[in-house]
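Summary of structural features
Chain by chain, the residues run as shown.
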Amino acid sequence: MAKITVVDYDPTWPAAFETLRARVWSAVGDMAIAVEHVGSTSVPGLPAKPIIDISVVVPTEEAVTVAIERLSTLGYRHLGNLGIEGRETFASPDMPPRHHLYVCPKDSLALKNHLIVREHLRTYSEAATEYGALKRRLAERFSEDIEGYTEGKSDTILGILRTHGLSKTDIETIERINRRT
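Every residue gets a number counted from 1 within its own chain, in the order that chain's sequence is written. pLDDT decides what is reported in this predicted model: residues at 70 or higher carry local features, side-chain atom pairs at 80 or more are listed and counted, and totals for whole chains, interfaces and linings draw on all residues regardless. As a convention, hydrogens and water are excluded, and side-chain values are obtained from all of the structure's heavy atoms.

1. Here's the deal with unusual backbone geometry
- Cis geometry marks the peptide bond from Pro 96 to Pro 97, where omega comes out at -10°.
- By the secondary structure assignment, Pro 97 is in the loop between strand 4 (88-91) and strand 5 (99-105).
- A positive phi angle, near 50°, is found at Leu 82, a position not held by glycine.
- Within the secondary structure, Leu 82 sits in the loop between strand 3 (77-80) and strand 4. Secondary structure elements follow DSSP: runs of H or I of four or more residues count as helices, runs of E of two or more count as strands, with numbering from the N terminus.

See the structure below:
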């Protein structure tokens, strides 16, 4: 397990995402709806683990299979959903910048989670500042425990999602995924 490190926002992250987006789009552009920059590196000014998170948005559950096949031609290896319905995960080819790639149907809860949190933190700078400070504290406390780090962020993320009208069932699903079992 690699050490969890949270660094200051890097203004090169959007350009790094665009480079990756163009590469991914070349394989899925005729069937995907979008390629979204998600996660903390997508929020200007927010400290983050220096890993670009990317979600390929497809129109249907059936399109996921096509996207998996197409992404394999770029060297991405499908890892399954890793316990999160509506989000297929990929091992990235050994190429910079370091990134995580996901494929999500447009109506998936996993995608809603990513987009709501991203937009909230982009809109409310005070919330982003508080979240960044929390991430730094958690990275120190759980430097080699990704589950502890993730669980430590859960209350904040769930609070954001509640303010944006997710159903009780959706909140419970996300909480179950983010909490240690």
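2. Re the packing of helix 1 (residues 13-28) against helix 2 (residues 61-72)
- Only the stretch in contact is used when fitting a helix axis, every axis being a line fitted to C-alpha atoms; angles between N-to-C directions are given from 0 to 180 degrees. Helix 2 packs onto helix 1 with a crossing angle of 120° between their chain directions and a minimal axis gap of 8 Å. With respect to helix 2, the element helix 1 is oriented oblique. Two packed elements cross with a definite hand, and for helix 1 against helix 2 that hand is right-handed. Touching Val 24, Ala 27 and Val 28 of helix 1 are Ala 67, Arg 70 and Leu 71, all from helix 2.
- Tallied by class, residues from the contact of helix 1 with helix 2 come to five nonpolar, no polar and one charged. Convention used here: angles under 35 degrees read as roughly parallel, angles over 145 as roughly antiparallel, angles from 65 to 115 as roughly perpendicular, and any remaining angle as oblique. Handedness of a crossing follows from how the near helix is turned relative to the far one, being left-handed for an anticlockwise turn of less than a right angle and right-handed for a clockwise one. Contacts are residue-level and defined by heavy atoms, with any inter-residue pair within 4.5 Å sufficient. In this count, Pro and Cys sit with the nonpolar residues alongside Ala, Val, Leu, Ile, Met, Phe, Trp and Tyr, while Asp, Glu, Lys and Arg are called charged and the others, Gly among them, polar.

3. What to know about the pattern of salt bridges
- The salt bridge criterion pairs a side-chain nitrogen of Lys or Arg with a carboxyl oxygen of Asp or Glu, the two atoms within 4 Å. Counting across every chain of the model gives seven salt bridges.
- With a shortest N-O distance of 2.6 Å, Arg 70 and Asp 30 are connected by a salt bridge. Of this pair, Arg 70 sits in helix 2 while Asp 30 sits in the loop between helix 1 and strand 1 (34-38), placing them 40 residues apart in sequence.
- Judged by its relative accessible area of 26%, Arg 70 is partly exposed. Accessible area is worked out with a 1.4 Å probe on protein chains only. A residue is then buried under 20% of its type maximum, exposed over 50%, and partly exposed in between.

4. Concerning the packing of helix 5 (residues 146-163) against helix 6 (residues 168-178)
- In the contact formed by helix 5 and helix 6, the axes pass within 9 Å of each other and the chain directions differ by 170°. By the angle class used here, helix 5 and helix 6 are roughly antiparallel. Note that helix 5 runs across helix 6; the crossing there is right-handed. Across the interface between the two elements, Thr 150, Glu 151, Ser 154, Leu 158, Leu 161 and Arg 162 from helix 5 touch Ile 171, Ile 174, Glu 175 and Asn 178 from helix 6.
- Of the residues in the contact of helix 5 with helix 6, the class split is four nonpolar, three polar and three charged.

5. Structural notes on the sheet that holds strand 5
- Pairing in this open sheet of five strands is mixed, and the strands run 1-2-5-4-3 from one edge to the other. Two strands bound the open sheet, and with one partner strand each, they are strand 1 and strand 3. Pairwise comparison of adjacent strand axes, ignoring direction, gives a mean angle of 30° for this sheet.
- The sheet contact formed by strand 4 and strand 5 spans three bridges and is antiparallel. Its bridge partner being in strand 5, Phe 90 is matched across the sheet by Leu 101.
- Relative to the sheet, helix 1 contacts strand 1, strand 2 (52-58) and strand 5, its axis offset from that of strand 1 by approximately 155°. Between any two strands, at least two bridges found by DSSP are needed for them to pair.

6. Some points on the environment of Thr 173
- Looking at the secondary structure, you find Thr 173 in helix 6.
- For the pair Thr 173 and Ile 84, spaced 89 residues apart in the sequence, the C-alpha separation amounts to 9.4 Å.

7. Quick word on helix 1
- Expected helix span is given by 1.5 Å per residue-to-residue step, counting one fewer step than there are residues. Taking 1.5 Å of rise per residue, the 16 residues of helix 1 would be expected to cover 22 Å, and the 22 Å separating its terminal C-alpha atoms lies within 8% of that figure.
- Inspection of helix 1 places Trp 13, Ala 16, Phe 17, Leu 20, Val 24, Ala 27 and Val 28 among the buried residues, and these make up the whole buried set. On an axial view of helix 1, the arc spanned by its buried residues comes to 95°, and they lie on one face. Facing away from the buried side of helix 1, by more than 90 degrees, are the exposed residues Thr 19 and Ser 26.
- The elements touched by buried residues of helix 1 are strand 1, strand 2, helix 2 and strand 5. Taking the helix axis as origin, the arc is that swept by the directions to the C-beta atoms.

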